[in-house]
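Examining the three-dimensional arrangement
One letter stands for each residue in the lines below.
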Amino acid sequence: YKDTAFALRDLGFFDAAKGFKKLGFIHRDCEKEAISAFRGWIRQAGVPDALVVPYNLGCPAVFASEADIAQAINTFQRQGVTHVIPGNAQGDIARITAQAEQQQFRPKWGVPDEALLSIATGSRAPQPDNFANAIAITLARDGEQDTPGLSPTAGTQKCDAYRKAAGLPPVYGVPANAGHACSQLWMLRAAL
């Protein structure tokens, strides 16, 4: 969350000159401390509370209700939100973006990875027209294979060599997170 707030700031996500007016912050409050910290980092990144429209989806057992999601989008539209950041809402992102598209609300999305990149191309993927040009901040190389202009990094190539020797397909040919095993192994080796 901290990296997301400051990386989005550094990328100009919160710049009025680039169209920013208000930030919609849609979140689940299942992890209150993490969400509170995220809000604090957004403030530190230069977005005062007066420019944030929060919407709390509560802590549903599985998915947020359609009524809550529709109300969140309606609230964002009424209050002039131009940019949206979700917090702990990865399970709901497909329905959030579908509802936004249905209401013809197309904000600029800035997202922490939170497994969003893992589901970006699956059955729970965000609505593509609504989520187009979203900026995702990830701690790993998640999304590298789907980012225009990027090719496998030296680390990805090294991991692919290990995978090939083990009879496994390359990282880009399997679901998300396949390269994490290599990263974790290298981190353990460095720690030892």
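It should be emphasised that the depicted structure is a prediction, and the values quoted were computed from it without experimental measurement. (Residues numbered from 1 in each chain as written. Predicted model: local features only at pLDDT ≥ 70, side-chain atom pairs only at ≥ 80, totals over all residues. Heavy atoms only, no water.)

This brings us to the state of the cysteines. Enumeration over the complete set of coordinates arrives at two disulfides. Linked covalently through their sulfurs, C30 and C59 form a disulfide whose S-S length is 2.1 Å. One disulfide, between C30 and C59, carries an S-S torsion of 115° and so falls in the right-handed class. Taken as a pair, C30 in the loop between strand 1 (23-27) and helix 2 (32-44) and C59 in the loop between strand 2 (52-56) and helix 3 (66-78) lie far apart in primary sequence, 29 residues in all. For C30, a relative accessible area of 34% corresponds to the partly exposed category. (Disulfide = S-S within 2.5 Å. Helix = DSSP H or I, 4+ residues; strand = E, 2+ residues; numbered from the N terminus. Buried < 20%, exposed > 50% of the residue type's maximum accessible area, 1.4 Å probe, protein only.)

Moving on, we get to the pairing of strand 2. Where strand 1 lies against strand 2, five bridges are found, and the strand directions are parallel. In the strand pairing of strand 2, F25 is matched with P54. Considered for its hand, the β-α-β crossover made up of strand 1, helix 2 and strand 2 is right-handed. (Pairing = 2+ DSSP bridges. Right-handed = clockwise from strand over helix to strand, strands pointing away.)

Considering all chains together, one arrives at six aromatic pairs under this definition. Taken together, a centroid distance of 4.2 Å and an interplanar angle of 5° make the contact between Y1 and F38 stacked. Of the two residues, Y1 sits in the segment before helix 1 (2-10) while F38 sits in helix 2, which places them 37 residues apart along the sequence. The exposure class assigned to Y1 is partly exposed, which follows from its relative accessible area of 23%. Ring centres of F76 and F105 lie 6.5 Å apart, and the angle between their planes is 45°; on these two criteria the pair is classed as tilted. Of the two residues, F76 sits in helix 3 while F105 sits in the loop between helix 4 (93-102) and strand 4 (108-112), which places them 29 residues apart along the sequence. In this structure F105 comes out as buried when scored by relative accessible area, which is 7%. Through successive ring pairs, a cluster of aromatic residues spans Y1, F25 and F38. (Phe/Tyr/Trp six-rings, centres within 6.5 Å; stacked < 30°, edge-to-face > 60°.)

In this section: the packing of helix 7 (residues 154-165) against helix 8 (residues 180-191). How two helices pack is summed up by the angle between their axes together with the distance between the axes. It is at 10 Å that the axes of helix 7 and helix 8 come closest, and there the two elements cross at 100°. As judged from the angle between their axes, helix 7 and helix 8 are roughly perpendicular. Between helix 7, through G155, K158, C159 and Y162, and helix 8, the contact on the second element is made entirely by C182, W186 and R189. The residue makeup of the contact of helix 7 with helix 8, split by class, is four nonpolar, one polar and two charged. (Axes fitted to C-alpha atoms, helices over the stretch in contact; angles between N-to-C directions. Parallel < 35°, antiparallel > 145°, perpendicular 65-115°, else oblique. Contact = heavy atoms within 4.5 Å. Nonpolar A, V, L, I, M, F, W, Y, C, P; charged D, E, K, R; others polar.)

What follows deals with the pattern of salt bridges. Scanning the model with the defined rule gives eight salt bridges in all. Note that R43 is salt-bridged to D49, the shortest N-O span being 2.8 Å. Assessed through its relative accessible area of 39%, D49 is described here as partly exposed. In this structure, R95 engages E66 in a salt bridge whose closest nitrogen and oxygen atoms are separated by 2.5 Å. Of the two residues, R95 is situated in helix 4 and E66 in helix 3; the sequence distance between them amounts to 29 residues. (Salt bridge = Lys/Arg side-chain N within 4 Å of Asp/Glu carboxyl O.)

This part is about the nonpolar core. Ranked by internal contacts, the top residues of the largest apolar core, which has 19 residues, are I26, L57, F76, V84, I96 and F105. Those elements that provide at least two residues to this core are strand 2, helix 3, helix 4 and strand 4. Ranked by the residues each element gives to this core, the list is headed by helix 3, at four residues. When sequence neighbours within four positions are dropped, the list of residues in contact with V84 reads F13, L23, G24, I26, F76, F105, P107, K108, W109 and G110. If you look at the next biggest cluster of nonpolar residues, it comprises 16 residues, including I42, A45, V52 and I137. (Core = buried A, V, L, I, M, F, W, Y, C linked by side-chain atoms within 4.5 Å.)

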